[in-house]
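Listed below, chain by chain, are the residues.
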Amino acid sequence: MDRYEQFRSAAIDRGIPEDEVGRFAEHLRFAVWAWPTKDGEEAVGHMGGLPRLPVGVDWPGGESPLPFIGSVDCAALPLAEGLGLPADGSLLFFLHHEEDMDEHPSPAYSRVLYVPAGTETEVAAPPPDHDSRTFFCEDIPFLIPEHRITARVRPELPDWIEDRNAQFQAESVKQLVDELKHIDQLREVVGELWPENGNRYRSTLQIGGYCRNKGSSDDPHSQMSFDSIQSRRAAGSDLPIDERLRLQREEEHQLVREWLPLAQFPTQSEVYYGCFLLRAEDLAAKRFDQMRSYTMFTE
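Note that the structure is a prediction, hence the values are computed from the model and not measured.

Visitor: Before we move on, could you go through the packing of helix α1 (residues 3–13) against helix α6 (residues 183–193) and cite the residues and values that matter?
Guide: Where α1 meets α6, the axes come as close as 10 Å, and the angle between the chain directions of the two elements is 125°. In terms of axis orientation, α1 runs oblique to α6. Our pair here, α1 against α6, has a crossing hand that is right-handed. Here α1 contributes Gln6, Phe7, Ala10 and Ala11 to the contact with α6, which in turn contributes Leu186, Val189, Val190 and Leu193.

Shown next as structure tokens:
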């Protein structure tokens with residue numbers, strides 16, 4: 001029985017109508033949370049250190065090499081239902097958080113590299129002059145100390161279920177809340193099936209789930225919807241501010257459903273947080289070049 005079946009069975013046993021359980025389950029996601037290994041824990045990848053690149057492949061970034069964040073072995077990751085990660089191979093993450101924060105959604109300062117299983121790889125040498133130099137305003141080294149990571153699967157719910165502040169919600173979200181008459185009981189079922197163990201607060205990498213909102217920055221989906229409305233205005237579609245805000249909220253709700261957080265992680269800086277987004281269909285097709293990066297400012 002997979003986790004969705006566990007949830008449906010437990011909720012229906014409580015007497016919650018099956019159609020309502022199904023609508024709620026459409027918004028329940030399962031994410032892979034990773035953190036540093038302890039003795040005896042299976043490693044699923046590592047953060048920092050040097051990447052294993054395919055033989056003959058240069059370090060991403062060309063003349064401006066991108067800092068290596070970490071990598072995961074997809075075959076070693078625990079299965080998160082509905083996420084659609086590759087069954088095997090490796091995912092490597094690269095990000096220059098300062099440049100990405102200033103220039104996003106430019107693709108120039110972030111990269112996800114998928115290395116299929118069976119590819120001949122080798123540990124990459126640091127780019128010339130990057131083994132000990134610092135390339136950030138905060139004097140952070142280019143190379144991050146390596147630590148191995150283990151992982152577990154955790155359930156996640158969208159903000160509108162966790163915090164139902166109707167004043168700033170899209171009309172479609174308000175309608176969903178009204179339709180889910182047993183929303184609090186459904187949340188309780190999730191919490192009872194998968195109790196919080198505190199690991200999320202020391203996580204160094206999250207794959208899947210929902211985007212976290214960090215500090216003073218808008219979350220990535222808010223930024224994406226704002227950029228979209230601004231593009232419409234630039235194209236001559238000038239709308240009253242109330243209508244712009246309404247459209248922006250509706251578009252944000254749709255973007256949350258379409259764009260999954262492929263990877264979220266703290267950077268070496270205390271004030272920057274990385275988030276890579278990818279459409280579900282691009283993830284299924286392994287089109288990692290379609291990733292968008294939104295670095296957030298945490299203060």
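Visitor: Can you break down the pairing of strand β10 (residues 259–266) residue by residue, with the values?
Guide: Every regular strand shows the same layout, with side chains that alternate between the two sheet faces. Counting buried residues along β10, seven of its eight residues qualify, which places the element largely inside the surrounding structure. The sheet contact formed by β10 and strand β11 (residues 272–279) spans seven bridges and is antiparallel. Directly across from Ala263, in β11, lies its bridge partner Phe276. A loop of five residues connects β10 with β11, the two strands running antiparallel in sequence.

Visitor: Just give me the short version of unusual backbone geometry, but keep the residues and values in it.
Guide: Despite not being glycine, Lys286 has its phi angle at roughly 60°, a positive value. With respect to the element layout, Lys286 can be found in the loop between α9 (280–284) and β12 (292–293).

Visitor: Just give me the short version of the pattern of salt bridges, but keep the residues and values in it.
Guide: Tallying each qualifying case throughout the model produces eight salt bridges. A salt bridge links Glu188 to Arg14; the shortest N-O distance between them is 3.3 Å. Taken together, the positions of Glu188 in helix α6 and Arg14 in the loop between α1 and α2 (18–25) put the pair 174 residues apart, joining distant regions of the chain. Residue Glu188 is classed as partly exposed on the basis of its relative accessible area, which comes to 42%. In this structure Arg14 comes out as partly exposed when scored by relative accessible area, which is 39%.

Visitor: Can you lay out the packing of α2 against α6 for me, pointing to particular residues and giving the numbers?
Guide: The axes of two packed helices give the description: the angle between them and the distance between them. In the contact formed by α2 and α6, the axes pass within 11 Å of each other and the chain directions differ by 65°. Two packed elements cross with a definite hand, and for α2 against α6 that hand is right-handed. Contacts between α2 and α6 involve Glu20, Val21 and Phe24 from the first element and Ile183, Leu186, Arg187 and Val190 from the second. Of the residues in the contact of α2 with α6, the class split is five nonpolar, no polar and two charged.

Visitor: How would you sum up the environment of Val72? Please name residues and give values.
Guide: For Val72, the location among the structural elements is in strand β4 (residues 68–73). We classify Val72 as buried; its relative accessible area is 2%. Taking the C-alpha atoms as reference, Val72 lies 6.6 Å from His46; in sequence the two are 26 residues apart. With residues up to four places along the chain from it excluded, the contact list for Val72 reads Val44, Gly45, Leu77, Gly89, Ser90, Leu91, Phe93, Ile149, Leu205 and Ile207.

Visitor: Tell me about α6, residues and numbers included.
Guide: All buried positions along α6 are accounted for by Ile183, Leu186, Val189 and Val190. Looking straight down α6, one finds its buried side chains confined to an arc of 115°; they lie on one side. Where α6 is buried, its residues meet α1, α2, β8 (147–156) and α4 (159–162).

Visitor: Break down the side chain of His253 for me, with residues and values.
Guide: Within the secondary structure layout, His253 lies in helix α8 (residues 241–258). A relative accessible area of 14% places His253 in the buried class. Beyond its immediate sequence surroundings of up to four residues, His253 is in contact with Trp160, Ala170, Ser172, Val173 and Leu176.

Visitor: Lay out the nonpolar core with the relevant residues and their values.
Guide: If you look at the biggest cluster of nonpolar residues, it comprises 52 residues, and the most contacted ones within it are Phe7, Phe24, Leu91, Phe93, Leu205, Leu262 and Phe276. Here Phe24 is in contact with Phe7, Leu157, Ile161, Leu180, Ile183, Leu186, Arg187 and Val190, once residues within four sequence places are set aside.

Visitor: Please give an account of the packing of aromatic side chains that cites residues and values.
Guide: One pass over the structure, following the stated rule, counts ten aromatic pairs. For the ring pair Trp59 and Phe94, a centre distance of 6.2 Å and an interplane angle of 75° mean the geometry is edge-to-face. Highlighted residues: Trp59 in the loop between β3 (52–54) and β4 and Phe94 in strand β5 (residues 90–95), separated in sequence by 35 residues. In this structure, Trp59 and Phe94 share a single accessibility class: buried. Ring geometry for Phe265 against Phe276: centres 5.4 Å apart, planes inclined by 85°, an arrangement best described as edge-to-face.

Rules behind the numbers
Residues numbered from 1 in each chain as written. Predicted model: local features only at pLDDT ≥ 70, side-chain atom pairs only at ≥ 80, totals over all residues. Heavy atoms only, no water. Axes fitted to C-alpha atoms, helices over the stretch in contact; angles between N-to-C directions. Helix = DSSP H or I, 4+ residues; strand = E, 2+ residues; numbered from the N terminus. Parallel < 35°, antiparallel > 145°, perpendicular 65-115°, else oblique. Left-handed = near helix turned anticlockwise from the far one by under 90°. Contact = heavy atoms within 4.5 Å. Buried < 20%, exposed > 50% of the residue type's maximum accessible area, 1.4 Å probe, protein only. Pairing = 2+ DSSP bridges. Salt bridge = Lys/Arg side-chain N within 4 Å of Asp/Glu carboxyl O. Nonpolar A, V, L, I, M, F, W, Y, C, P; charged D, E, K, R; others polar. Arc of directions from axis to C-beta. Core = buried A, V, L, I, M, F, W, Y, C linked by side-chain atoms within 4.5 Å. Phe/Tyr/Trp six-rings, centres within 6.5 Å; stacked < 30°, edge-to-face > 60°.

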